[in-house]
Amino acid sequence: MELLNEILTMTLLTVRDVLPIAVIIFGVQIFVIRKPIPNLKRTLIGFVYVLIGLALFLVGLEKALFPLGKVMAEQLTDPAFIAQGLSAELHDAIQTVRWQDYKWTYIFAFAIGFATTIAEPALLAVAIKAHEVSAGTISVWGLRVAVGLGVAIGIAIGTFRIVTGTPLHYYIIAGYIIVVLQTAVAPRLIIALAYDSGGVTTSTVTVPLVAALGLGLASTVPGRSPALDGFGLIAFASLFPMITVMGYAQISEWKYRRQEKRNQRLNSANNTRPNEDVR
Amino acid sequence: MLVKFGELLKPFLYSFRDLVPIIVVVGFFQLVVLQQAIPNVNEILVGTLLVVIGLALFVRGLEMGLFPIGESLAYSFARKGSLFWLLSFAFALGFGTTVAEPALIAVAKEAAFVAAQEHIIAETREAMDAYAMGLRLTVAVSVGIAILVGVIRIIKGWPIHYLIIAGYIGVVLMTGIAPEEIVGIAYDSGGVTTSTVTVPLVTALGVGLASSIKGRNPMVDGFGLIAFASLTPMIFVMGYGMFF
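Definitions and limits used
- Residues numbered from 1 in each chain as written.
- Chains lettered and ligands numbered in written order.
- Predicted model: local features only at pLDDT ≥ 70, side-chain atom pairs only at ≥ 80, totals over all residues.
- Heavy atoms only, no water.
- Helix = DSSP H or I, 4+ residues; strand = E, 2+ residues; numbered from the N terminus.
- Buried < 20%, exposed > 50% of the residue type's maximum accessible area, 1.4 Å probe, protein only.
- Contact = heavy atoms within 4.5 Å.
- Areas by Shrake-Rupley, 256 points an atom, 1.4 Å probe, with all protein chains shown as cover.
- Lys, Arg positive; Asp, Glu negative; His and termini not counted.
- Charge placed at Lys NZ, Arg CZ, Asp CG, Glu CD.
- Phe/Tyr/Trp six-rings, centres within 6.5 Å; stacked < 30°, edge-to-face > 60°.
- Core = buried A, V, L, I, M, F, W, Y, C linked by side-chain atoms within 4.5 Å.
- Domains from an automatic or database assignment.
- Patch = residues over 30% accessible without salt bridge, like charges linked within 9 Å, V, L, I, M, F, W, Y side chains within 5 Å.
- Salt bridge = Lys/Arg side-chain N within 4 Å of Asp/Glu carboxyl O.
- pLDDT = per-residue confidence, 0-100.
- Buried area = accessible area lost by both parts, 1.4 Å probe.
- Nonpolar A, V, L, I, M, F, W, Y, C, P; charged D, E, K, R; others polar.
- Expected span 1.5 Å × (residues − 1).
- Bend = angle between axes of the 7 residues up to and from the residue.
- Axes fitted to C-alpha atoms, helices over the stretch in contact; angles between N-to-C directions.
- Parallel < 35°, antiparallel > 145°, perpendicular 65-115°, else oblique.
- Left-handed = near helix turned anticlockwise from the far one by under 90°.

K.L.:
Hey, could you go over the overall build of chain B for me, with residue numbers and the actual values?
P.N.:
Within chain B, the regular secondary structure consists of ten helices and zero strands. Starting at the N terminus, the α and β elements of chain B follow one another as α-α-α-α-α-α-α-α-α-α. Viewed in the frame of its principal axes, chain B has a C-alpha envelope of about 60 × 55 × 30 Å. Taken over 244 residues, chain B has a buried fraction of 55%. Contacts in chain B between residues far apart in sequence, at least 24 positions, make up 79% of those at least 6 positions apart. When the accessible surface of chain B is split by element, carbon and sulfur atoms take 69% of a total near 10500 Å². If you average the places of the 13 positive and of the 15 negative side-chain charges in chain B, the two averages end up 19 Å apart.

Right, dumping it as C-alpha cells:
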C-alpha cells in the first residue's frame, strides 16, 4: 500500500515536471500549426508510458540504489576506511593527505560512473536516435559504452582533483583543448553527436550518486570545504564523454581503414598469385 | 504462443541488462571492499523490479510519443516556413523545461547557501531565496537562448564546432573574471539542465529539422542542441555571479 502511495506521488511529481513541456507542445500545435496531431491517440499513450515509466524508474532508484549507493560513497570516503591500511602511528599522525590512500575511492568513482551512465534513460534515447539516423553505423550499445567510459574517467579524475585540491578550471581548460584538437581530426559525422553526449550523461541516475561522492570527499578530506570543492564532478562527467565518443569514432575509422587496406592487399595478392593461400 | 511471450518479455530483459553494471559494482564494493552484508534485500529487489519496468515503459513511450511529436513539430514548422514561431517555440521549450527542472532547483539552493556562507549575500532566508530564484531564471534564459541559437544553426547549416569553440572561449574568459566561489557551481549547472524528457524531445526536433530542410544532413546538423544547452548556462551563471 505504501509502495502504491509512493508510486502515485512520484507520478504526480513527474506530471508536474512534464506539464510545462506538454503545455508548450500542445499550445504550439493548436494555436500556431493549427492541425491535429498525427496519431493523437498513440502519441498520448506514449506520453502516459513515459510518465509512468519515469515515475516507476525513480521510485525504484530511491528504493534500491540511492540509499545504498550514498552510504557506500560516504563509507568509501570516510577517513576511518581510508586509514585502514595504515599503521597505528601513521593513522594518528595523519594530517596531510596522500592521494594514493584514496585508491578505492577512485576505483569506485570510475565503476559507479560507468554503471550509472549505462542505465541513464536520456542517453539511451539519444543512442536510439543516433542508431536510427546513422542507418545502423553507430551501435546503441557502442555509443553508450563510449559515453560510460568517458563519465567513468571524468569522475575518477574529478575525485582525484578533490583529494589533491588542485584548481578545477585547469582540468576543464585542458579538457577543452583536447576536445578542440580532436574535433580537427575526428570524423565529421560524429562531432555533433559527441558534443551532445556531454550533456545527456548527467541526469536522473548519475547526479545524486556523484553529488554524494563529491560532498562526502570534500567534507572528509582535511583542508577541503564542501562548499568550494564539492562541486565540479558533474562538469567532469559532461566533459570527458566528448573525448571518448570522438575517440570511439576515430578508432572505428582507423579499424575500417586498416581492414580496407588489408582487403586491397589481399585482392592484389589474389590477382597476381591466385593459387597461393594468402593466410 | 511462446514466441509471443518472448517478444513481450524482451524490453524487460533489455532494461535488466542495462542495470547489470550497477548491480555488479554495488555488489562488489559492498561485499568485497567494504565487507558488509547487503541491507534491506527485499526493498532492493522490489526497487530493481520497478526500475526495470519503468525503463522498459519509458523506452516504449519514447518511440510512441516523444520522438514522433518532436519530429512532427519539426516537419510542420519546416513546411509552414514561419521562422518567428519556430524560434519562439525553441526559446519557450528551452526556458520552460529548465525553469522547473528539479536538479536545477537543488543546485540553485546549494549555490545560494554557498553564497551566504561566503558573505556574498546576506545570510537571511529572503536573500537566499531571491538569489536561488535569480539563478534559476538565469539558467533557464540561457538554455532558451541555447536552443534558439542551435535551431538557427541547423537552418543556416553553420558548422557546430565554430560555435562550440566560441562558447569555450567564453567560458575560459568568464572563468578568469568571475568570482572564484561561483566557478564550480557554474561548471556543474551546464550538466544539470537537460532532463530525461527534454533530451529525447529536443533531439527529435533537431534531427527532424535537419531532415526536412534541403541540404542538411541529420547526422551532421541534427545533433548538437543539447551541447548548446549545456554550454551557455556556464557562461551565464558566471555572469550572474559577477553581479553579486
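Now, onward.
K.L.:
Report on the packing of aromatic side chains, specifying residues and quantitative values.
P.N.:
For the structure on display, the rule yields 13 aromatic pairs over all chains. Their ring planes at 10 degrees and their centres at 3.7 Å tell us that A:Tyr176 and B:Tyr168 sit as a pair that is stacked. Here A:Tyr176 is found in helix α9 (residues 168–185), whereas its partner B:Tyr168 is found in helix α6 (residues 160–177) on a different chain. The same class applies to A:Tyr176 and to B:Tyr168, which are both buried. Ring geometry for B:Phe84 and B:Trp85: centres 5.3 Å apart, planes at 75 degrees, overall edge-to-face. On the accessibility criterion, B:Phe84 (59% relative accessible area) is exposed.

K.L.:
Please provide a residue-by-residue account of the nonpolar core, values included.
P.N.:
Grouped together as the largest cluster of nonpolar side chains are 158 residues, with contacts concentrated most on A:Leu193, A:Tyr195, B:Tyr187 and B:Met238. Sorting elements by how many residues they give to this core places helix α2 (residues 41–80) of chain B first, with 13 residues. Among the domains, domain 1 (1–62) and domain 2 (77–263) of chain A are the pair contributing at least three residues each to this core. For B:Met238, the contacting residues outside a window of four places in its chain are B:Val171, B:Met174, B:Thr175, B:Ala178, B:Ile182, B:Val183, B:Ala186 and B:Tyr187. Among the nonpolar cores identified, the runner-up in size contains seven residues, and A:Ala55, A:Leu56, A:Leu58 and B:Leu50 belong to it.

K.L.:
Account for unusual backbone geometry, with residues named and values stated.
P.N.:
Phi is mostly negative for residues that are not glycine, and the peptide bonds are mostly trans. In the Ramachandran plot, A:Arg34 falls in the positive-phi region, its phi being about 55 degrees despite a non-glycine side chain. Structurally, A:Arg34 is set in the loop between α1 (2–33) and α2 (40–64). What makes A:Arg34 exposed here is its relative accessible area of 66%. Residues other than glycine seldom take positive phi values, yet B:Asn40 does so here, at roughly 50 degrees. Relative to the assigned elements, B:Asn40 resides in the loop between α1 (2–33) and α2.

K.L.:
How would you sum up a positive patch on the surface? Please name residues and give values.
P.N.:
Residue and element names in this part refer to chain A. A contiguous patch of positive charge on the surface is contributed by Lys255, Arg258, Lys261, Arg262 and Arg265. With respect to the element layout, arginine 265 can be found in helix α13 (residues 233–272). Residue classification places arginine 265 among the exposed positions, given a relative accessible area of 59%.

K.L.:
Give me the confidence of the model for chain A: which residues, what numbers.
P.N.:
Summary statistics for chain A give a mean pLDDT of 84 and a share of 91% for residues scoring 70 or more. Across residues 274–279 of chain A, where pLDDT falls below 50, the model places four contacts with residues more than four positions away in sequence or in other chains.

K.L.:
Describe the interface of chain A and chain B, with residues and values.
P.N.:
At the interface, 91 residues of chain A touch 93 residues of chain B. Together, A:Lys129, A:Tyr176 and A:Phe231 form the three largest contributors to the area buried by chain A at its contact with chain B, with a combined 8%. Counting every contact that joins chain A to chain B gives three salt bridges. Examining the composition of the side of chain A that touches chain B, we find that 17 residues originate from one element, α2(A), more than from any other. Among the residues making up the side of chain A that touches chain B, the classes are represented as 66 nonpolar, 16 polar and nine charged.

K.L.:
Provide a residue-level description of α1(A), including the pertinent values.
P.N.:
Residue and element names in this part refer to chain A. Compared with the 46 Å implied by 1.5 Å per residue over 32 residues, the 44 Å span of α1 between its first and last C-alpha is a close match. Of all the bends found along α1, the most pronounced is centred on valine 18 and spans about 40 degrees, while proline 20, a proline, follows it within four residues. Of the residues flanking the end of α1, it is arginine 34, one or two places downstream, whose phi is positive at about 55 degrees.

K.L.:
Before we move on, can you summarise helix α10 (residues 225–242) of chain B with the specific residues and values?
P.N.:
Between its first and last C-alpha, α10(B) extends 27 Å over 18 residues, near the 26 Å set by a 1.5 Å rise per residue. For α10(B), the buried fraction is high: 15 of the 18 residues fall into the buried class.

K.L.:
Residues and numbers for the side chain of A:Thr116, please.
P.N.:
Inspection of the secondary structure puts A:Thr116 in helix α6 (residues 103–118). Among the residues examined, A:Thr116 registers a relative accessible area of 1% and is labelled buried. The contacts of A:Thr116, once residues within four sequence positions are left out, are A:Val205, A:Thr206, A:Leu209 and B:Ile22.

K.L.:
Kindly report on the domain arrangement of chain A, identifying the contributing residues and their values.
P.N.:
We note that the domain assignment places domain 1 (1–62) and domain 2 (77–263) within chain A. Once you take the C-alpha centre of each, domain 1 of chain A and domain 2 of chain A turn out to be 31 Å apart.

K.L.:
Pulling in residues and values, what's your account of a nonpolar patch on the surface?
P.N.:
All names here are of chain B. Residues Phe28, Leu31, Val32, Ile38, Val41 and Leu45 make up a contiguous nonpolar surface patch of about 520 Å² in total accessible area. Secondary structure elements with two or more residues in the nonpolar patch: α1 and α2. A total of three residues in the nonpolar patch trace back to one element, the largest contributor, which is α1. Tracing the chain through its elements places leucine 31 in helix α1.

K.L.:
How would you summarise the packing of helix α7 (residues 121–133) of chain A against helix α8 (residues 140–164) of chain A if you had to cite specific residues and measurements?
P.N.:
Residue and element names in this part refer to chain A. The N-to-C vectors of α7 and α8 enclose an angle of 135 degrees; their axes lie 8 Å apart at closest approach. Judged by the angle between their axes, α7 and α8 are oblique. Seen along the crossing, α7 lies across α8 with a hand that is right-handed. Residue-level inspection shows Leu123, Leu124, Ala127, Ile128, Ala130 and His131 of α7 in contact with α8, the latter providing Val140, Leu143, Arg144 and Val147.

K.L.:
Kindly report on the pattern of salt bridges, identifying the contributing residues and their values.
P.N.:
Opposite charge on two side chains permits pairing when their charged atoms draw close. Scanning the entire structure with this criterion turns up six salt bridges over all chains. In this structure, A:Lys129 engages A:Glu132 in a salt bridge whose closest nitrogen and oxygen atoms are separated by 3.5 Å. Taken as a pair, A:Lys129 and A:Glu132 lie in helix α7 at a separation of three residues, close to a single helical turn. A cluster of three or more residues bridged by salt bridges with shared partners is formed by A:Glu6, A:Lys63 and B:Glu43.

K.L.:
Outline the environment of B:Ser211, listing residues and values.
P.N.:
Residues and elements named next belong to chain B. Within the secondary structure layout, serine 211 lies in helix α8 (residues 198–212). For serine 211, a relative accessible area of 37% puts it in the partly exposed group. Separated by 33 residues in sequence, serine 211 and alanine 178 place their C-alpha atoms 40 Å apart. Among all residues touching serine 211, those that are not within four sequence positions of it are Tyr75 and Pro218.

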